[in-house]
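The primary structure of each chain is shown beneath.
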Amino acid sequence: MTETEGSSADLEPAQEPRPAWSRWDWIALTCVTLIALVLRFVRLGEPDDLVFDETYYAKDSCWYVNASSSLCDTTSEVSQVHPPLGKWLIAIGIRLFGYDSYGWRVSVAVAGTIGVLLLYLLARKLLNSTLGATIASGLLAIDLLHFVQSRTSMLDIFVPTFGVAALLFLVYDRDRLLEGRVGRGGILDRPWRVAAGAAAGAATASKWTGGLYLLFVIALTIAWEVSARKEAAQTAESDEDKRPRPWLRFLREESASVAVWLIILPLVVYSFTYIGRLEWSEGTWYKAMLDRHEYMLDFHSELESHHSYESSAWSWIALKRPVSYFFCSGDQCTPNEEPEIYREIIATGNPFVWWPSVLALLYAAWQWFRRRSFRFPEGLIVGGFITTYLVWLLLQAGTGRAATFIFYLLPAIPFMCLALAYVAIRIGRSWEAIAAISLFSAGAVVLFAFYYPILTQAPIPKSDWDRRI
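What you see is a predicted model, and the numbers here were worked out from it, not measured in a lab.

Undergrad: Hey, could you run me through the environment of Leu420 in this one?
TA: With respect to the secondary-structure elements, Leu420 resides in helix H16 (residues 413-426). Taking the C-alpha atoms as reference points, Leu420 and Asn128, 292 residues apart in sequence, are found 15 Å from one another. Non-local contacts of Leu420, meaning those with residues more than four positions away in its chain, are made with Leu139, Val353, Pro356, Ser357, Ala360 and Phe440.

Below is the structure:
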C-alpha cells in the first residue's frame, strides 16, 4: 500500500447506516424555513427610522453603494472598527430596494432565514433525525434574540449564518473522510473543506466574533483527522499501518490542506472584502490594511466607555439585562395615539428555551466524556458553545472590557438549539417522551407569541407592556 493510498481509505470501518433523506425532511425543512421567512419579513420596514446601531451600519452601507452625503447622512464611513462584509451585504438590499427601512433591513432578514435553513441541514447530518433537525431549526426560527437581530440592520446576524454554514460544510467533509472518499487527490480533493474555509472567512469578515467559528473549524478539523487516524491504527491488520503515530500521519498528510483552505483561504476572503474600502497609506494598500487593523485592535482592546444596556457575559443566559432598541409611547409614535399605548423593540432571550439549554449542554458534555468519539455530535455541540461563549467570559475576566451586550451571545444560540434537539431525540419514543417534547415545543411557541409585540414595536396597552417587561 502506498503512502497516498493509505491516507484515507483505511481510516474508518463501516459506519452505522444513516436514515435516508425523505419527503418528511423536505416537508419539515420547507415549513420551518417558510415560518422563519414570514416571521422575519412581516412589517420588516417598521419602524421607518433607524434603531439602535442601525445609525452606524445602515449609513455605512448606504455610503458603500451611493457615496452621497445628502442621501446617506454621512460624509464617510462612520464605523471603521468592524470588517466590511456585513455592511456590503446590507448595501445589497439598499441598492435593490433603496435607502429606507426595508432596504437596509432586507439583507439581515434573508441572512436570518438562511441561518434557520442551514441549521436544519446541520442538525439532520449530526443527529440523523428529522425530528431533531425540526426541533433545532424550529427553536432558532422563533428564538427571540435571533428573530430581533434578523430584523435589525446590524452585523451580528451574519456571523452565525456563515458560521453554521462553515460547520455544515465541515461535517460534509468529515463524512467523506468516514466513507474513505478523500486522500487520493491530495490538497485539491477536499471541496467541502474549501467551502468551510471560505464560509468561516466570511463569518470573520462580517465581525471579528466570527473568528471564533474559524478557530473552532480548525480545531474540529484537526481533532477529527487525528481521531480517524487513531482508530485506523487500532483496527489496522498490518504492522506497517499501525506504526505511524496519528499526529505524525495528520501532519504529513493533511497539514498543507488545513493551512491552505482553513488559514490562507479565510485570510484571502477576509482581505478581499476591504477592496475599495481603504485609503492608501504611504502609497501601499497593505500599509493601509495594517493601519486600519491597528486602529480596530486599539479600539476594541482599550474600550472603556460604558453603556446603559451593557451586561457581563455571565449574565447573558440569565437574561439579566436585555437591550431596548426602540421605544415610544402615545403621540411620540404616531399622531393622536393614546398616551397609554406603548411600542418597543427589545433584544432578549426566551427563558423557557435558554435556561433548559444549559442542562441540555451539560448532558451532551457528559455523553461526550463517556464516548469521546468524533463520530457522534456531542463534541461539535459542546465545543461550539464553549468556543463562542467561553471566550467572552475569559475576555471580561482578564480585561474587564466594557460595552458588552446580550446580543453578543448570538453565535452560541445555534449550539443551544442543537443541544435541546439532541436531548429530545435521546429521551426515546415513549408516549411520555412525545408528550414532553410536545409540551416543551408548545411552551416555546407560546412564549414567543407572548413576547412578539415587544420584539416588533406592535402597539400594546401599557398594562400589557408591563406584564411582558
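Okay, back to it.
Undergrad: What should I look at first to understand the packing of aromatic side chains in this one?
TA: Geometry of an aromatic ring pair is reported as the spacing of the ring centres plus the angle between the planes. If you walk through the whole model with that rule in mind, you get 36 aromatic pairs. Between the aromatic rings of Tyr363 and Trp366, the centroid separation amounts to 6.1 Å while the plane-to-plane angle is 45 degrees, which identifies the pairing as tilted. Of this pair, Tyr363 and Trp366 both sit in helix H14 (residues 351-371), 3 residues apart, roughly one helical turn. Among the residues examined, Tyr363 registers a relative accessible area of 27% and is labelled partly exposed. Summarising the aromatic geometry, the rings of Phe405 and Tyr408 are spaced 5.8 Å apart at their centres and angled 80 degrees between planes, so their arrangement reads as edge-to-face. For the pair Phe405 and Tyr408, a shared accessibility class is recorded, and that class is buried. One aromatic cluster is present, formed by Phe52, Trp316, Tyr325, Phe385, Tyr389, Trp392, Phe405, Phe407 and Tyr408 through successive ring pairs. Seen from the ring of Trp224, Arg174 lies directly overhead, with NZ or CZ sitting 5.0 Å from the centre.

Undergrad: Just to check I follow, could you spell out the pattern of salt bridges for this structure?
TA: Pairing between side chains of opposite charge can happen when the charged atoms of each approach one another. Summed over all chains, the structure comprises 27 salt bridges. Taking the shortest distance from any N to any O, the salt bridge between Glu254 and Arg190 comes out at 3.1 Å. On the criterion of sequence distance, the pair formed by Glu254 in helix H12 (residues 246-272) and Arg190 in the loop between helix H8 (158-178) and helix H9 (191-206) is long-range, its members being 64 residues apart. As far as burial versus exposure is concerned, Glu254 and Arg190 are alike and both buried. A salt bridge links Arg343 to Glu337, with the shortest nitrogen-to-oxygen separation between them at 3.3 Å. Owing to a relative accessible area of 13%, Arg343 belongs among the buried residues under this scheme. Salt bridges linked by common partners bring Asp173, Arg190, Arg193, Glu225, Arg229, Arg249, Arg252, Glu253 and Glu254 together as one network.

Undergrad: Even after reading the chapter, I still don't get the pairing of strand S2 (residues 341-347), so can you show me in this structure?
TA: Along a regular strand, successive side chains alternate from one face of the sheet to the other. Within S2, 7 of the 7 residues are buried, which leaves the element mostly enclosed by the surrounding structure. Burial of S2 is two-sided: the residues Ile341, Arg343, Ile345 and Ala347 facing one way and the residues Tyr342, Glu344 and Ile346 facing the other way are all buried. Sheet topology places strand S1 (residues 323-329) next to S2; 6 bridges connect them, and they run antiparallel. Note on S2: the bridge partner recorded for Phe327 is Glu344.

Cut-offs used in this document
Residues numbered from 1 in each chain as written. Predicted model: local features only at pLDDT ≥ 70, side-chain atom pairs only at ≥ 80, totals over all residues. Heavy atoms only, no water. Helix = DSSP H or I, 4+ residues; strand = E, 2+ residues; numbered from the N terminus. Contact = heavy atoms within 4.5 Å. Phe/Tyr/Trp six-rings, centres within 6.5 Å; stacked < 30°, edge-to-face > 60°. Buried < 20%, exposed > 50% of the residue type's maximum accessible area, 1.4 Å probe, protein only. Lys NZ or Arg CZ within 6 Å of the ring centre and 35° of its normal. Salt bridge = Lys/Arg side-chain N within 4 Å of Asp/Glu carboxyl O. Pairing = 2+ DSSP bridges.

So, to be careful, I would describe these as geometric facts and stop short of saying anything about function.
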